[in-house]
Structure formats: C-alpha cells, structure tokens
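Notes for the structure review
Single-letter residue listing:
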Amino acid sequence: MGLEAAIAANIGKVESKGIDIQIDGKRSIGKDGFLSARANFTYTANKYVQYEEPSYNEKYRLLTGQPLNRNFGYVAERLFVDDEEARNSPTQIFSTNGFPPQGGDIKYRDLNGDGKIDGADQTFLGDPSIPQIVYGFGVSGGWRGFDLSAFFQGQAKVSFFIDPARTSPFIQSPDNYYNGNTQLLKAYADNHWSEDNQNLYALYPRLGINGAQIENNRQNSTWWMRDGSFLRLKSAELGYTLPAKIAKSLGVKKTRIYFNGLNLLTWSPFKMWDPELGGRGFNYPIQKVFNIGINVNL
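The sections below set out a description of the structure shown in this document. Quick caveat: nothing in here was measured; it's all calculated off a predicted structure. (Residues numbered from 1 in each chain as written. Predicted model: local features only at pLDDT ≥ 70, side-chain atom pairs only at ≥ 80, totals over all residues. Heavy atoms only, no water.)

Overview of the pattern of salt bridges
Under the convention used in this document: Salt bridge criterion: a side-chain nitrogen from Lys or Arg within 4 Å of a carboxyl oxygen from Asp or Glu. In this text, helices come from DSSP runs of H or I with a minimum length of four residues, and strands from runs of E with a minimum of two, each type numbered from the N-terminal end. Burial classes: relative accessible area under 20% of the type maximum marks a residue as buried, over 50% as exposed, and values in between as partly exposed (1.4 Å probe, protein chains only).
For the structure shown, the criterion picks out 16 salt bridges. Lys157 is the salt-bridge partner of Asp127, the closest N and O atoms lying 3.8 Å from each other. Here Asp127 is found in strand 8 (residues 123–128), whereas its partner Lys157 is found in the loop between strand 10 (146–156) and strand 11 (159–161), with 30 residues between them in sequence. For Lys157, a relative accessible area of 33% corresponds to the partly exposed category. Three or more residues joined by partner-sharing salt bridges are found here, namely Glu77, Arg78, Glu85, Lys107 and Arg109.

See the structure below:
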C-alpha cells in the first residue's frame with residue numbers, strides 16, 4: 001500500500017520589470033527654519049510569457065500574455081429589462097434549479113456567441129488585484145519652535161470585486177431560515193432595482209431571497225469591479241517646542257507639545273467604503289486615530 005500525489009513541475013515563464021525611485025531633500029530657511037521632503041515610487045509590470053494551459057478557441061481566456069493576479073470574470077452589460085427579455089436571451093447556466101433570470105437580474109455578454117453564458121464567456125477584467133503602482137511622499141518643516149509634518153501614501157493600477165455575498169442583505173435558505181449578512185448598505189438602499197425603480201444600471205440588482213435565485217447576480221463580473229486606487233493622508237503632526245529659557249525655568253531641558261493624527265483623509269474614485277478594505281466592506285474598518293501629548297527631557 002502506498003500513497004499517490006499529483007505530479008507537479010515548474011512549467012511556464014514570467015517576465016517581470018519595474019522601477020523604484022526614492023528622492024530626499026532638506027534645506028535650511030534662515031536661522032530658525034528648515035524644510036525637508038521625501039518621496040518614493042515603485043512600479044512593477046509582469047506577465048506570463050509561457051503557461052501550460054488548454055488551447056482555448058476563445059483567445060480571450062488565455063493566461064499567456066496576461067499580467068499576474070489579473071481579475072477574471074464575466075462582462076456585465078446591464079440588468080434585464082423584464083422577464084420576457086431574460087427568457088429570450090442566452091441561457092445563464094448559474095441561474096437554474098428552477099430559478100431562471102428575471103427582470104432586474106444582471107445580463108452577461110455571450111462572448112463566444114454559442115447561445116449560453118458559462119465559463120467559456122469569462123475573460124480578464126480590469127487591472128491586477130495587487131497594485132502595480134505604490135507610492136508615498138512626505139514633507140516636514142520647522143520655524144521658531146513650531147514643527148509640522150505630513151505623510152501621504154497611495155496605490156494605483158489595481159482593481160477589486162465587491163463581494164456581494166458579504167455586503168448584501170440577508171438570504172433565505174430552502175428551509176425558510178434567514179441567514180447571511182443582515183446589514184444593509186445605504187448605497188444599496190438608495191440605488192437598487194425594484195418594480196418601482198426599474199433602473200437598468202442600478203447599483204444593486206433585483207433583490208432575491210433564495211440562494212439559488214440570486215446566484216446569477218453574485219458572479220465575478222464588471223458589474224462588481226471597482227478601481228482600487230487611492231491617495232491617503234496617512235499621518236500629520238503639529239508640534240511646538242518651548243523656548244529654552246521657559247523650559248529651564250520649569251526645571252527641564254526640553255519640552256515639546258504635539259498633536260497628531262493617522263488615516264486622516266482619503267481620496268479615491270471608490271466612495272462606498274475605504275478602498276484598502278477591497279471587496280469586503282463589512283471588514284474591520286481602517287481607524288482614524290488622534291493623539292495629543294507632551295515630551296519632556298529632564
């Protein structure tokens with residue numbers, strides 16, 4: 001009696017290129033001031049130049065030539081106008097089990113034109129899930145006891161899928177037990193498809209209550225894909241050092257009072273929650289932190 005394991009081999013080639021830049025500078029301003037700055041920028045570009053994969057008839061499915069970690073899914077056109085349009089459109093195989101698509105469900109593009117929507121209609125979408133550009137920059141300065149510093153960080157050329165299963169209202173199981181996320185995002189509440197609001201491009205499609213019924217709308221697709229780029233004011237600090245005479249009169253060598261904050265501002269094309277959380281908006285959020293303190297050297 002023996003054990004059998006799957007055969008593994010190093011098959012394939014990846015080409016990777018990039019650039020990394022860092023700049024530092026400092027300058028005095030008169031007798032009592034200074035100004036310094038620092039910046040860094042990293043850009044990486046990689047792709048599969050050879051990959052052991054089937055010879056798909058659909059060339060858009062080939063991984064060779066694609067960047068690493070690129071997202072994969074369906075192309076969503078819009079929502080179905082009504083039940084009749086859904087019945088007369090290509091069959092979407094993940095909406096079976098007695099629950100075919102209906103008006104308000106996501107309509108996917110039949111990329112290979114075979115009259116059905118299945119895995120052969122998935123293609124590469126957006127940018128990779130790991131940012132290709134990461135950067136940061138900061139400045140600090142001081143004048144006559146006052147000092148101020150700020151640091152920014154950001155990322156670009158990155159995409160992610162909103163996870164509708166982790167951000168949607170509750171679902172109903174076959175035994176009529178309601179489970180899943182029972183929270184409702186305001187963005188979904190304000191912009192969803194319904195009989196009274198048949199917006200074909202509403203943020204959230206038709207609300208289903210059965211897992212099989214809503215499987216159609218939870219596929220990875222352009223409907224849920226978002227730009228994950230952002231620029232964040234990561235930290236800022238304002239301080240004041242007491243003059244030496246005052247510090248000496250207090251019996252200390254040096255005293256500095258300061259106020260600082262972390263994660264203060266974020267600029268991003270994605271507005272529903274902090275883009276650094278990716279597709280799971282109910283994860284523990286990035287915290288804003290404020291501190292005030294005093295440093296005393298005896």
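What follows continues from the structure just given.
Points about the pairing of strand 15 (residues 230–241)
We count it as follows: Following DSSP output, two strands are said to pair if at least two bridges run between them.
Pairing analysis gives 10 bridges linking strand 10 to strand 15, with the strands arranged antiparallel. The residue of strand 15 that forms the bridge with Ala150 is Ala236. Direction of pairing for strand 15 relative to strand 16 (residues 254–267): antiparallel, over a ladder of 10 bridges. The partner of Gly239 across the bridge, within strand 16, is Tyr258.

Comments concerning the packing of aromatic side chains
Heads up, the condition is: Only Phe, Tyr and Trp rings are paired, with Trp represented by its six-membered ring, and only when their centres lie within 6.5 Å; those with planes under 30 degrees apart are stacked, over 60 edge-to-face, the remainder tilted.
Here the structure, examined in full by the defined rule, presents 11 aromatic pairs. When the ring of Phe137 is compared with that of Phe152, the centres are 4.9 Å apart and the planes differ by 15 degrees; the resulting orientation is stacked. Note that Phe137 is positioned in strand 9 (residues 133–143) and Phe152 in strand 10, a separation of 15 residues in sequence. Residue Phe137 is classed as partly exposed on the basis of its relative accessible area of 31%. Note on Phe146 and Tyr240: the rings are 4.5 Å apart at their centroids and 40 degrees apart in plane angle, and the pair reads as tilted.

Some points on a nonpolar patch on the surface
As a reminder of what qualifies: Exposure above 30% relative accessible area and no salt bridge define the residues that can form patches, which grow by joining like charges within 9 Å and nonpolar side chains of Val, Leu, Ile, Met, Phe, Trp and Tyr within 5 Å. Where accessible areas are quoted, they stem from the Shrake-Rupley method and a 1.4 Å probe; at the residue level, only the protein chains shown are allowed to cover.
A contiguous nonpolar surface patch, about 340 Å² in accessible area, is contributed by Ile19, Ile21, Ile23 and Phe41. For the nonpolar patch, the element with the highest residue contribution is strand 1 (residues 13–29), accounting for three residues. By secondary structure assignment, the location of Ile21 is in strand 1. By relative accessible area, which is 37% here, Ile21 ends up partly exposed.

Concerning the nonpolar core
Note the threshold: Put simply, a nonpolar core is a bunch of buried Ala, Val, Leu, Ile, Met, Phe, Trp, Tyr and Cys residues held in one set by side-chain atoms that sit within 4.5 Å of each other. The contact rule is simple, with two residues in contact once any of their heavy atoms fall within 4.5 Å.
Counting residues in hydrophobic clusters, the biggest one holds 20 residues, and the most contacted among them are Ile106, Tyr108, Ile162, Tyr188 and Trp224. Listing elements by their share of this core, those giving two or more residues are strand 4 (76–79) and strand 6 (106–108). With residues up to four places along the chain from it excluded, the contact list for Tyr108 reads Tyr74, Val75, Ala76, Gln92, Phe94, Ile117, Asn216, Asn217, Gln219 and Ser221.

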